[in-house]
Amino acid sequence: MNSFFTKLLAFFLCTSFQAIAQDNTLIKNDFRLSTGYENFRILDLNASPLLYSSNNLLVGLDFERNKKRYLWSLNGELSVGNSQSKKHGVRTAVFPDKPNLYGEADTTEYELNPFLSFVRFTFNFSALKQIGHSGFFVGGKIGNHFNFSGLGADSWFFNQLSLQAAVRYQKEIGINSKISAELSTSAFSYLLRQPYTLDPSLPDIGYFKAYLQTGSFFASPNDFQHFNFNLSYQYSLKNSKNKIGLQYQFMWMNHSFLENRNLSAYSNSLSLTYTL
Amino acid sequence: MTRKIFITLSLFILALTSCDKVLLNEEVSNDPVSNFDYLWTEFNEKYGLFEPKSINWDSAYYHYRSKINTSSSEEELYAVLKDMLMLLQDDHVGLVPTNPNLPPFTTGHLSKIDCMKDFDLSVIKNHYLADFKFEEPFFTYGILEGNIGYIHIEGFSDMPKNLEKPMDIVLEHLKDTKGVIVDVRGGYGGEDLAGQYIAGRFTKEYHQYMKTRVKNGPGPNDFTQPEFWSINQEGDFQYTNSVVVLTHRFTISARETFCLAMATLPQVTFVGDTTAGAFSNQINREMPNGWGFSISIGQWTTANDISYEGIGIPPDILVQNKEIDLLAGKDEALEKAIELLN
């Protein structure tokens, strides 16, 4: 398994820097906007014993350049929503304040994980090469995935910068339709997780740098597993170069972090797309 | 063929949308015994003060675990957990049930005090400060009779970069006073960094005042390397005349670490009552049944390893305000501070 990833990685590195003869008639650029719904589920046993589920609005922007047999793409996606324990739902903590000198007392209420307490941002750059004249493309991606959420009665975040191997299959169906499916997996990742007690406590360097210093590390596929699957359908509009479409995405990740402290998450999303 | 592929893919996608058990690890079971075990284990692995407080947490498990079984009610679980957590005597340790009939509690001495009867800022505003001002985020200040400055710090919840300008304004107003009373009674805790910055506005010299380390693993000796905290001159100017810091039993957490910093300054005297004795950082967690709880995760000591956890910082001059005096408009601790600075 590891040698397969090594070969894919080497292939990506070789093809990324190969010179290509200019042929403008075969260059095709697409801009694609997408919007849709995402469900994200996470169980981080270092932060909480509970599975959290969030229903998010998803927006994305893609740029794809198809030049001869090479496919380059830039993709950014933002999802925002709420995140609540799947078992317990919305919870509000109510604290009665101690009465003051005059016997007056208030209560303080905190809603755990209020609306828009979940943010996820991903950014990817991929380079794929067509295999022969088939519909298959193979190559690699560099991607970053950032998560911020309310989790476990506190705030929680996670960042993953990764080098991924990718394979795509695309096929024209008739004159107007196109379907594509892409699978990618992380070969090598740089992760940022909160430290063990979620508190870095480094006074001189500030919290952000403190988290980088205490909670960041390289992870191999043995420690961190990550898969992305993307299935899309596009239909060309009459008398136009533009296309509308549907896109389904699935993501799964698992990080082994101390015994009984795993982080695992997966998401499903469905989006409408519009390609210019 | 296309139809078959479409159906296969659809079923595959449907499967992917609801496979929590396959795709994620197991959620911790939600029964009374599992909840007890989970809470005990979280404390066993993350609580940083068993050794300074000489608490045998294993004994607590054997004693209290026998009182819980899978048929225990929420009320029974609450009672057992409360008794067990009370062993810690820590105002940063608390439990917040989701059941509205089960009141939240903390486990330190503040849990035994019904109300704050020895301080109210309105008494100072109404009877001592003829002309008080307020500067965001949390400074009430003015000049008392006898040209003595007064600053009340309501909280320490902001970061140093947001405190420079307000402190400039406050200290500029008080720069010609013969002394300043810094009042950290009432209010709430916050960020140790805020206290470090504010204390740095009262010195031109370097002083090391605190050492901290936090749990970084499940073992009893899994702590980070100690971090040393110090103060040095902050801002464009510093106030270095005599200072009296007013404290009481509700002076807690970041307010107390601020006091540790101020205690290194030779021109500072502490008046009032002993502080709360809860210095460590606290994290908020939850149980499988959805109840919230908080844990102290480290060891906070002075630079020379003295721990005031569970004890509090005693004042130089003990003055305990009486409720009846306060209701009559008299803050005895404040008056003692004024007397010292006069």
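Note that the structure is a prediction, hence the values are computed from the model and not measured.

Asker: With reference to specific residues and values, describe the sheet that holds strand β6 (residues 179-183) of chain B.
Answerer: Residue and element names in this part refer to chain B. An order of β3-β4-β5-β6-β9-β10-β14 is seen for the seven strands of this open sheet, with the pairing classed as mixed. Looking along the sheet, the strands with just one partner apiece sit at the ends: β3 (133-135) and β14 (317-318). Looking at chain direction, β6 and strand β9 (residues 242-247) are connected through five bridges and run parallel. Opposite Ile-181, over in β9, you have Val-244 as the bridge partner. Strand contacts of helix α9 (residues 254-262): β5 (148-153), β6, β9 and β10 (268-272), with the helix running at about 150 degrees to β9, the strand carrying the most contacts.

Asker: Tell me what's going on with the nonpolar core, and back it up with residues and numbers.
Answerer: All names here are of chain B. Within the largest apolar cluster, 71 residues are counted, with the highest numbers of intra-cluster contacts made by Phe-43, Trp-57, Ile-151, Ile-153, Ile-198, Phe-202 and Met-262. Once residues within four sequence positions are removed from consideration, Trp-57 is found in contact with Trp-40, Phe-43, Asn-44, Phe-50, Met-84, Leu-85 and Leu-88. Core analysis: the next-biggest nonpolar cluster, separate from the first, contains 27 residues, Tyr-128, Leu-144, Ile-252 and Ala-333 among them.

Asker: Provide a residue-level description of the pattern of salt bridges, including the pertinent values.
Answerer: Residue and element names in this part refer to chain A. Enumeration over the complete set of coordinates arrives at 23 salt bridges over all chains. The salt bridge partner of Arg-120 is Glu-77, with a shortest N-O separation of 3.8 Å. Of the two residues, Arg-120 sits in strand β6 (residues 118-130) while Glu-77 sits in strand β3 (residues 70-85), which places them 43 residues apart along the sequence. Residue classification places Glu-77 among the buried residues on the basis of a relative accessible area of 7%. The salt bridge involving Glu-182 is made with Lys-141; its shortest N-O contact spans 3.2 Å. Taken together, the residues span a long stretch of sequence, with Glu-182 in strand β9 (residues 177-193) and Lys-141 in strand β7 (residues 136-151) at a distance of 41 residues. This pair shows no difference in class: Glu-182 is buried, exactly as Lys-141 is. Several salt bridges share partner residues, and in doing so they unite Glu-64, Lys-141, Arg-168 and Glu-182 into one network.

Asker: Explain the packing of helix α3 (residues 32-46) of chain B against helix α5 (residues 74-85) of chain B to me, using residue names and the numbers behind them.
Answerer: Residues and elements named next belong to chain B. Close contact between α3 and α5 brings their axes to 11 Å; oriented N to C, the two are set at 15 degrees. By the angle class used here, α3 and α5 are roughly parallel. Relative to α5, α3 is oriented so that their crossing is right-handed. Side by side, α3 and α5 meet where Pro-32, Asn-35, Phe-36, Leu-39, Trp-40 and Phe-43 of the first sit next to Leu-77, Val-80, Leu-81, Met-84 and Leu-85 of the second.

Asker: How would you explain the interface of chain A and chain B if you had to name every residue and give the values?
Answerer: On the chain B side, the residues contacting the 48 residues of chain A number 59 residues. Taken over both partners, the interface formed by chain A and chain B buries close to 4400 Å², and the fraction arising from carbon and sulfur atoms is 58%. At the surface where chain A touches chain B, the tally comes to four salt bridges. In this structure, the salt-bridge partner of Lys87(A) is Glu27(B), at a minimum N-O distance of 3.3 Å. Our count for the chain A to chain B interface comes out at 17 residue pairs in polar contact (both at pLDDT 80 or more). Where the side of chain A that touches chain B is concerned, the elements lending two or more residues are β1 (27-44), β4 (92-96), β11 (224-236), β12 (243-255) and β13 (263-275) of chain A.

Asker: Could you give an account of unusual backbone geometry, naming the residues involved and the relevant values?
Answerer: With an omega of 5 degrees, the peptide bond running from Glu136(B) to Pro137(B) counts as cis. Looking at the element boundaries, Pro137(B) is found in the loop between β3 and β4 (139-144).

Asker: Go over the confidence of the model for chain A with me, naming the residues and quoting the values.
Answerer: Per-residue confidence for chain A gives a mean pLDDT of 83, with 85% of residues at or over 70. This stretch, residues 8-24 of chain A, has a pLDDT under 50; its non-local contacts, to residues over four places away or in other chains, come to 19 contacts.

Asker: Tell me about the domain arrangement of chain B, and name the residues and values.
Answerer: Residues and elements named next belong to chain B. Here chain B is partitioned into domain 1 (29-112 + 280-296) and domain 2 (121-277 + 312-341). Computed from C-alpha coordinates alone, the two centres of domain 1 and domain 2 are separated by 32 Å. Buried area between domain 1 and domain 2, summed over both chains or domains, comes out near 840 Å², and the portion from carbon and sulfur atoms is 52%. It is Glu-45, His-109 and Leu-110 that lose the most area in domain 1 upon contact with domain 2, and together they represent 50% of the buried surface on that side. Put simply, domain 1 and domain 2 have zero salt bridges between them. There are three residue pairs in polar contact (both at pLDDT 80 or more) connecting domain 1 and domain 2.

Asker: Pulling in residues and values, what's your account of the side chain of Thr140(B)?
Answerer: In this structure, Thr140(B) sits in strand β4. Judged by its relative accessible area of 5%, Thr140(B) falls in the buried class.

Asker: Please set out the packing of α3(B) against helix α4 (residues 57-65) of chain B residue by residue, giving values where relevant.
Answerer: Two quantities define a packed helix pair, namely the angle between the helix axes and the distance between the axes. All names here are of chain B. It is the contact of α3 with α4, at a shortest axis distance of 11 Å, that shows an interaxial angle of 170 degrees. What the angle tells us is that α3 and α4 run roughly antiparallel. Judged by residue contacts, Val-33, Phe-36, Asp-37, Trp-40, Phe-43 and Asn-44 of α3 engage Trp-57, Asp-58, Tyr-61, Tyr-64 and Arg-65 from α4. The residue makeup of the contact of α3 with α4, split by class, is seven nonpolar, one polar and three charged.

Asker: How would you sum up the confidence of the model for chain B? Please name residues and give values.
Answerer: Residues and elements named next belong to chain B. For chain B, the mean per-residue pLDDT works out to 92, and 94% of the residues sit at or above 70. Taken element by element, the predicted model of chain B shows its lowest mean pLDDT in helix α1 (residues 2-16) (67) and its highest in β10 (98). Quick note on the complex model: pTM equals 0.86, ipTM equals 0.82.

Asker: Got a sec to walk through the sheet that holds strand β7 (residues 207-214) of chain B? Specific residues and values, please.
Answerer: Residue and element names in this part refer to chain B. Spatial strand order, β8-β7-β13: three strands in an open sheet with antiparallel pairing. With partners counted over all chains shown, the strands left at the sheet margins are β8 (227-231) and β13 (298-302), one partner each. If you compare each strand with its neighbour and ignore which way they point, the axes differ by 20 degrees on average. Examined bridge by bridge, β7 and β13 share five bridges and lie antiparallel to one another. Among the inter-strand pairings, Thr-212 is bridged to a residue of β13, identified as Trp-300.

Asker: Quick one: what's the story with the pairing of β12(A), residue by residue and with numbers?
Answerer: Residues and elements named next belong to chain A. With eleven of 13 residues buried, β12 lies mostly within the body of the structure. Sheet analysis places β11 next to β12, joined by 13 bridges and oriented antiparallel. Following the sheet pairing, Gln-234 is matched in β12 by Gly-245. Linkage of β11 to β12, two consecutive antiparallel strands, is achieved through a turn of six residues, within which Asn-239 is found at a positive phi near 55 degrees. Inspection of the sheet shows β12 paired to β13 by 13 bridges, in the antiparallel sense. Pairing of Gln-249 across the sheet is with Ser-269, part of β13.

Asker: Tell me about the side chain of Lys211(B), residues and numbers included.
Answerer: All names here are of chain B. With respect to the secondary-structure elements, Lys-211 resides in strand β7. Only 2.5 Å separates the side chain of Lys-211 from the side chain of Asp-305, close enough to count as a polar contact. Leave out the neighbours within four places in its chain, and Lys-211 touches Pro-226, Glu-227, Phe-228, Gln-299, Trp-300, Thr-301, Thr-302, Ala-303 and Asp-305.

What counts as what
- Residues numbered from 1 in each chain as written.
- Chains lettered and ligands numbered in written order.
- Predicted model: local features only at pLDDT ≥ 70, side-chain atom pairs only at ≥ 80, totals over all residues.
- Heavy atoms only, no water.
- Pairing = 2+ DSSP bridges.
- Helix = DSSP H or I, 4+ residues; strand = E, 2+ residues; numbered from the N terminus.
- Contact = heavy atoms within 4.5 Å.
- Axes fitted to C-alpha atoms, helices over the stretch in contact; angles between N-to-C directions.
- Core = buried A, V, L, I, M, F, W, Y, C linked by side-chain atoms within 4.5 Å.
- Buried < 20%, exposed > 50% of the residue type's maximum accessible area, 1.4 Å probe, protein only.
- Salt bridge = Lys/Arg side-chain N within 4 Å of Asp/Glu carboxyl O.
- Parallel < 35°, antiparallel > 145°, perpendicular 65-115°, else oblique.
- Left-handed = near helix turned anticlockwise from the far one by under 90°.
- Buried area = accessible area lost by both parts, 1.4 Å probe.
- Polar contact = N/O pair within 3.5 Å; in protein donor to acceptor, adjacent residues only side chain to side chain.
- pLDDT = per-residue confidence, 0-100.
- Domains from an automatic or database assignment.
- Nonpolar A, V, L, I, M, F, W, Y, C, P; charged D, E, K, R; others polar.

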